[in-house]
Amino acid sequence: MNWDETAPSADDAATGAPDRLVAADADGEDTAVEAALRPKDLEEFVGQERVREQLDLVLRAARARGATADHVLLSGAPGLGKTTLSMIIAAEMGAPIRITSGPAIQHAGDLAAILSSLQEGEVLFLDEIHRMSRPAEEMLYMAMEDFRVDVIVGKGPGATAIPLELPPFTLVGATTRAGLLPPPLRDRFGFTGHMEFYAPAELERVIHRSAGLLDVDIAAEGATEISGRSRGTPRIANRLLRRVRDYAQVKADGVITREVASQALDVYEVDGRGLDRLDRAVLTALLKLFGGGPVGLSTLAVAVGEERETVEEVAEPFLVREGLLARTPRGRIATPAAWTHMGLVPPQQQAGASGQQGLFGP
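Residues numbered from 1 in each chain as written. Predicted model: local features only at pLDDT ≥ 70, side-chain atom pairs only at ≥ 80, totals over all residues. Heavy atoms only, no water.

Draft legend 1. How the structure looks around the side chain of Ser86. Here Ser86 lies in helix α4 (residues 82-93). Taking the relative accessible area as the measure of exposure, Ser86 reaches 0% and is therefore buried. Polar side-chain contacts of Ser86 include one of 2.6 Å to the backbone oxygen of Thr83. Once residues lying within four places of it in the same chain are set aside, the contact partners of Ser86 are Ile97, Val123, Phe125 and Val172. (Helix = DSSP H or I, 4+ residues; strand = E, 2+ residues; numbered from the N terminus. Buried < 20%, exposed > 50% of the residue type's maximum accessible area, 1.4 Å probe, protein only. Polar contact = N/O pair within 3.5 Å; in protein donor to acceptor, adjacent residues only side chain to side chain. Contact = heavy atoms within 4.5 Å.)

Draft legend 2. Highlighting the nonpolar core. Ranked by internal contacts, the top residues of the largest apolar core, which has 47 residues, are Leu85, Ile218, Ile226 and Ile256. Counting residues per element, this core draws most heavily on helix α10 (residues 234-251), which supplies seven residues. Leaving out residues up to four positions away in the same chain, Ile226 has contacts with Ile207, Ile218, Ala237, Leu240, Leu241, Val244, Ile256, Ala261 and Leu265. Ranked by size, the runner-up nonpolar core spans 24 residues in total, among them Ala112, Ala143, Met144 and Phe189. (Core = buried A, V, L, I, M, F, W, Y, C linked by side-chain atoms within 4.5 Å.)

Draft legend 3. Examining the sheet that holds strand β1 (residues 72-75) more closely. Here we have five strands laid out as an open sheet, ordered β2-β3-β6-β1-β7, and parallel in their pairing. This sheet does not close on itself; its edge strands, each paired only once, are β2 (97-101) and β7 (191-194). Adjacent strand axes in the sheet meet at a mean angle of 15°, parallel and antiparallel pairs treated alike. Note that β2 and strand β3 (residues 123-127) share five bridges and pair parallel. Across the sheet, Ile97 pairs through a bridge with Val123, a residue of β3. (Pairing = 2+ DSSP bridges. Axes fitted to C-alpha atoms, helices over the stretch in contact; angles between N-to-C directions.)

Draft legend 4. Here's a closer look at helix α11 (residues 258-267). Where α11 is concerned, the buried positions are Val260, Ala261, Ala264 and Leu265. On an axial view of α11, the arc spanned by its buried residues comes to 120°, and they lie on one face. Tucked inside the fold, the buried residues of α11 contact α9 (220-227), α10 and β9 (255-256). A positive backbone phi angle near 60° is found at Glu269, which sits one or two residues after α11. (Arc of directions from axis to C-beta.)

Draft legend 5. Broad picture of a nonpolar patch on the surface. On the surface, Val151, Ile162 and Leu164 cluster together to form a nonpolar patch covering roughly 200 Å² of accessible area. By the secondary structure assignment, Val151 is in strand β4 (residues 148-153). Its relative accessible area of 32% is what places Val151 among the partly exposed residues. (Patch = residues over 30% accessible without salt bridge, like charges linked within 9 Å, V, L, I, M, F, W, Y side chains within 5 Å. Areas by Shrake-Rupley, 256 points an atom, 1.4 Å probe, with all protein chains shown as cover. Salt bridge = Lys/Arg side-chain N within 4 Å of Asp/Glu carboxyl O.)

Draft legend 6. Seen up close, unusual backbone geometry. One non-glycine residue, Asp215, adopts positive backbone phi at about 60°. Among the structural elements, Asp215 can be located in the loop between α8 (200-213) and β8 (217-218). Judged by relative accessible area, which is 72%, Asp215 ranks as exposed. Here Glu269, not a glycine, exhibits a phi torsion of approximately 60°, which is positive. By secondary structure assignment, the location of Glu269 is in the loop between α11 and α12 (277-289).

Draft legend 7. Main features of the pairing of strand β11 (residues 331-334). Here four bridges tie strand β10 (residues 325-328) to β11, and the two strands are oriented antiparallel to one another. In the strand pairing of β11, Arg327 is matched with Arg332. Count of turn residues in the β10/β11 antiparallel hairpin: two residues.

Draft legend 8. Representation of α12 in the model. With 13 residues, α12 extends 17 Å from end C-alpha to end C-alpha; this agrees with the ideal 18 Å at 1.5 Å per step. Along α12, the residues classified as buried are Leu278, Asp279, Val282, Leu283, Ala285, Leu286 and Leu287. Buried residues along α12 sit in contact with α13 (297-304), α14 (308-321), β10, β11 and α15 (336-341). Here α12 starts with a cap whose side-chain oxygen sits 3.3 Å from the backbone nitrogen of Leu278, and that cap is Asp276. (Expected span 1.5 Å × (residues − 1).)

Draft legend 9. Structural view of the packing of α9 against α11. Relative orientation of the contacting elements α9 and α11 amounts to 30°, with a least axis distance of 7 Å. Taken together, the axes of α9 and α11 lie roughly parallel to each other. In this structure, α9 uses Glu221, Gly222, Thr224, Glu225 and Ile226 to contact α11, whose residues at the interface are Arg258, Ala261, Ser262 and Leu265. Partitioning the contact of α9 with α11 into residue classes produces three nonpolar, three polar and three charged. (Parallel < 35°, antiparallel > 145°, perpendicular 65-115°, else oblique. Nonpolar A, V, L, I, M, F, W, Y, C, P; charged D, E, K, R; others polar.)

Right, dumping it as structure tokens:
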């Protein structure tokens with residue numbers, strides 16, 4: 001299985017994202033389970049074919065030269081395998097790995113302490129690299145390019161910069177928002193890979209592999225049912241697999257069939273397209289209360305009973321990606337696909353059937 005196991009960010013905690021069954025961020029249970037399910041090499045890694053092929057060339061060439069691998073930047077949504085790939089990079093290079101995150105590095109001294117303790121060839125994985133403080137970011141420029149940092153001793157006019165040589169190392173940076181990285185930092189990475197959402201067939205392979213490791217008996221149709229509700233994200237697929245496993249053990253004979261998977265996910269309020277309670281609440285309010293929109297974000301959030309940030313950052317991205325909701329300058333609007341998915345008739349069609357004028361005119 002391929003997905004990150006980093007802790008949820010402060011922003012995620014504020015919006016309550018990890019509490020949702022279909023949240024792409026890892027919670028405590030995910031972190032505990034994922035360690036046993038991670039692939040150990042690129043051959044075992046499922047999906048991301050283009051990134052895997054390119055990364056394999058980079059690592060093979062570095063091993064042939066007897067040098068450390070180029071710095072690697074991995075971007076993409078949470079749960080797609082950035083942390084897993086960083087561990088595979090270290091394993092393929094036969095090097096230890098050290099894991100930290102951007103929010104944990106608030107001062108240049110924090111970064112200097114980490115860099116100065118690295119071993120030659122070690123892999124430093126820096127998650128959410130775009131959230132690193134600016135002073136630390138500027139120190140990282142020199143460390144990546146020249147394997148050197150300047151440690152400032154003293155203050156004011158008497159301050160002295162002491163150069164500190166670093167052993168060659170490989171930095172693997174991961175980000176969910178590549179656009180926030182300054183160009184000087186992006187340019188120092190020798191390889192950049194963008195992680196795409198998984199196709200249903202790839203998720204089925206992930207689910208079958210995880211089911212084998214978890215000793216779960218699953219039919220092919222059961223894996224297909226779970227993969228269709230997993231939002232293209234391996235972490236969500238494995239979380240749903242564990243919940244369906246629980247249902248199958250309690251309510252069925254332990255075998256995950258299509259019927260068992262469908263019944264289990266209905267209990268957990270995850271529908272056939274992967275929408276959960278919050279997603280459907282947003283669509284229901286938009287369709288029934290506001291006739292499909294346009295409606296402002298704050299008004300929509302009040303109607304749903306959630307914070308504005310929760311609707312915007314937790315529910316909307318998936319709804320937009322699925323083509324169920326659109327953002328416009330006038331507000332949020334529902335697409336025809338949203339009316340169909342929720343089993344409702346658009347006002348225009350209602351007006352046509354009754355001969356009365358709809359909300360948007362004849």
